[in-house]
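The lines below spell out each chain.
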Amino acid sequence: ADGTIRFNMYSAPRGSVCTLELVFRYQAQMPYAPIHEVMEGRNERIKRFYAQVWFEDSSEGESVIGVTDPEFEFTHTNELIRKEDIRQFCLVVGNQSDRYVEHTDGVVFAPMDFAGRACWPMTCKSILPKIVDGDVLNLVHMSNGFRILDGAEPLRAGDVVESKAKIVEVTNEESGKRSRIKGHVYRNGKPVVEITTSFFYRGSFTDFANTYRNIDEQPSRVTLQSTKDIAVLKSKEWYVPLEGTGHELHPESILEFRLSSRYRFKSRTVYSNIVTSGRVMMQVSTKEYVHIADVVYECGESYGNPVVEYLKRHGQPIADSYYFENGGYSVMPHGSEFSSITHSPGTNEAYSNISSDHNPIHTNAYFADYADLPGTITHGMWTSASTRKFVETFAADNHPERVKAYEVEFIGMVLPNDQLETKLSHVGMKDGRKLIRI
């Protein structure tokens, strides 16, 4: 009677039917286009669909949809890493390293990319909350990074892990909304892998009151050349010297600033609130650095961060990476015997099943078309893992354990059966380790 039309789309991951309900309304007084989609509550309806798709128990995903707290921690516990899952994962992404098969000692290590599967439920939870109020059907995976923490052993079969993460950024851009998640995978209560991932929701957004960015600022080194430089620094309200350190500032003092900031937005270019804090360390005669002061800063509406501006004017970024002036050199072998050409899968079902990412835009042509995609696009994480195996083979000389960190940006769509070629270059060094550009 009220002209409401309910249209359902179905997906069946794990053999269970999940229902996406779309609501339309017929309005006879609009003769040209009388049927319009009801946008009120649409994003939440789509998120409830994805809670069904990504979780065997949909209530696990639905429990976070109402979250609006930027400090909320998303968790997933009791994830058992199984030998068969590692074997199947490596088979699907084409990683044939001996490290990931069982040897006489019974140990089966998991490739770095497997951490993404281990924490996938946590990642899904970070996509669903109200604080990121976007259309998940218009979600684009923008980047992903893994880093093995110093001293940590890689994940292996038999490990029972948990994962924790926070949404550290929600920002509105001209063509959509960006979210960034940072978290860790834990084993026996200790972090093993750091994971950072970012997503982009296509569309137009003006809800700036719900946007923020939490970041670690670029570490900076400041050399106080004169008593004037010392006086300028001491005049800053945000510079808070510690008492009783026994170390006074003097000309030629070298300071290091390691800070973190929390930005809240009023508009795309104006902040509603900024909080910056951190430590100031001074180099002493032994060349060691000692803690001599804190940075404590907070302001309301602002166009910039005066702490960061001070460091830009008076300091230099502390670079822990060195890049070769000639741009680097290829580490790919010559000859056709070692080809780095692969093809994306003809179907994405296998990766959907082993990764637990059952987003139907990868497997269902109707959902892909409804999301305005050119086809059932290949999982970005499949492309990432398929590419990373060449880093292990060619850059790490078949020693996968040497790969300590891996970051990717997804800049284009891959479709089934696309031909992909990987090229690797050694472009610099960081803490005695190679920097490889792909």
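Here the structure is a predicted model, which is why all the values come from computation and not from measurement.

A count of helical and extended segments in the protein chain gives ten helices and 22 strands. Along the three orthogonal principal directions, the C-alpha set of the protein chain runs to about 80 × 65 × 45 Å. Considering only residue pairs separated by 6 or more positions, the protein chain has 70% of its internal contacts joining residues 24 or more positions apart. Of the accessible surface of the protein chain, which amounts to about 22,700 Å², a share of 49% is contributed by carbon and sulfur atoms.

Bridge count between strand β5 (residues 139-148) and strand β8 (residues 190-202): nine bridges; the pairing is antiparallel. Opposite R147, over in β8, you have E194 as the bridge partner. Relative to strand β19 (residues 405-409), β5 runs antiparallel, the two sharing five bridges. Among the inter-strand pairings, S143 is bridged to a residue of β19, identified as E409.

Close approach of charged atoms lets side chains of opposite charge pair. Across all of its chains, the model carries 28 salt bridges by this definition. Measuring nitrogen to oxygen at the nearest pair gives 3.8 Å for the salt bridge that ties D85 to R82. The exposure class of R82 is partly exposed, given its relative accessible area of 45%. Its salt-bridge partner being R156, residue E153 comes within 3.5 Å of it at the nearest N-O pair. Overall, the relative accessible area of 25% leaves R156 in the partly exposed class. Overlapping salt bridges bring together E79, R82, D85 and R117 as one network.

Within the largest apolar cluster, 85 residues are counted, with the highest numbers of intra-cluster contacts made by Y50, W54, I86, L155 and V193. In terms of residue count, the dominant contributor to this core is helix α10 (residues 380-395) (seven residues).

This part covers the packing of aromatic side chains. In this structure the tally under the stated criterion is 13 aromatic pairs. Between W54 and W120 the ring centres are 6.0 Å apart and the planes differ by 85°, which places this aromatic pair in the edge-to-face class. Taken together, the residues span a long stretch of sequence, with W54 in helix α1 (residues 42-54) and W120 in helix α5 (residues 120-127) at a distance of 66 residues. Using a relative accessible area of 11% as the deciding quantity, one classes W120 as buried. Ring centres of F265 and Y271 lie 5.3 Å apart, and the angle between their planes is 50°; on these two criteria the pair is classed as tilted. Overall, F265 belongs to the buried group, its relative accessible area being 9%. According to the relative accessible area criterion, Y271 is buried, its value standing at 17%. Feature note: the residues F49, Y50, W54, W120 and F367 constitute an aromatic cluster, connected by ring pairs. Positioned above the aromatic ring of Y186, the side-chain terminus of K164 is 5.2 Å from the ring centre.

What follows is about α5. Because each turn of an α-helix spans 3.6 residues, side chains separated by three or four positions end up pointing in the same direction. With eight of eight residues buried, α5 is to be regarded as a mostly interior element. Within α5, burial applies to W120, P121, M122, T123, C124, K125, S126 and I127.

On to the environment of E217. By the element assignment, E217 lies in the loop between β9 (212-216) and β10 (220-224). Counting along the chain gives 196 residues from E217 to E21, while the straight-line C-alpha distance between them is 43 Å. Contacts of E217, omitting those with residues within four sequence positions, involve L259, S260, S261, Y263, N305 and V308. A polar atom in the side chain of E217 sits 2.7 Å from the side chain of S261.

Moving on, we come to the side chain of N359. For N359, the location among the structural elements is in the loop between α8 (349-355) and α9 (365-370). The contact partners of N359, leaving out residues within four places of it in the chain, are Y50, V53 and W54.

Let us look at unusual backbone geometry. Here the phi dihedral of S356 falls at roughly 70°; this positive angle occurs in a residue that is not glycine. Structurally, the position occupied by S356 is in the loop between α8 and α9. A relative accessible area of 27% means that S356 is categorised as partly exposed. Even without being a glycine, D431 presents a positive backbone phi close to 50°.

Spatial ordering of the open sheet is given by β1-β2-β3, a layout of three strands whose pairing is antiparallel. Single-partner strands in this sheet number two, and they are β1 (4-11) and β3 (35-37). Along the sheet, successive strands turn relative to each other by an average axial angle of 35°, direction set aside. Bridge count for strand β2 (residues 18-26) against β3 is three bridges, and the pairing is antiparallel. The partner of F24 across the bridge, within β3, is E37. Of the strands in this sheet, β1, β2 and β3 are in contact with α1, which crosses β2 at around 160°.

Below, the discussion takes up the environment of I215. Following the sequence through the fold, I215 ends up in strand β9. Owing to a relative accessible area of 22%, I215 belongs among the partly exposed residues under this scheme. Measuring from C-alpha to C-alpha, the distance between I215 and H362 comes to 32 Å, with 147 residues separating the pair along the chain. Aside from chain neighbours lying at most four places away, what touches I215 is R180, S260, S261 and Y263.

What counts and what doesn't
- Residues numbered from 1 in each chain as written.
- Predicted model: local features only at pLDDT ≥ 70, side-chain atom pairs only at ≥ 80, totals over all residues.
- Heavy atoms only, no water.
- Helix = DSSP H or I, 4+ residues; strand = E, 2+ residues; numbered from the N terminus.
- Contact = heavy atoms within 4.5 Å.
- Areas by Shrake-Rupley, 256 points an atom, 1.4 Å probe, with all protein chains shown as cover.
- Pairing = 2+ DSSP bridges.
- Salt bridge = Lys/Arg side-chain N within 4 Å of Asp/Glu carboxyl O.
- Buried < 20%, exposed > 50% of the residue type's maximum accessible area, 1.4 Å probe, protein only.
- Core = buried A, V, L, I, M, F, W, Y, C linked by side-chain atoms within 4.5 Å.
- Phe/Tyr/Trp six-rings, centres within 6.5 Å; stacked < 30°, edge-to-face > 60°.
- Lys NZ or Arg CZ within 6 Å of the ring centre and 35° of its normal.
- Polar contact = N/O pair within 3.5 Å; in protein donor to acceptor, adjacent residues only side chain to side chain.
- Axes fitted to C-alpha atoms, helices over the stretch in contact; angles between N-to-C directions.

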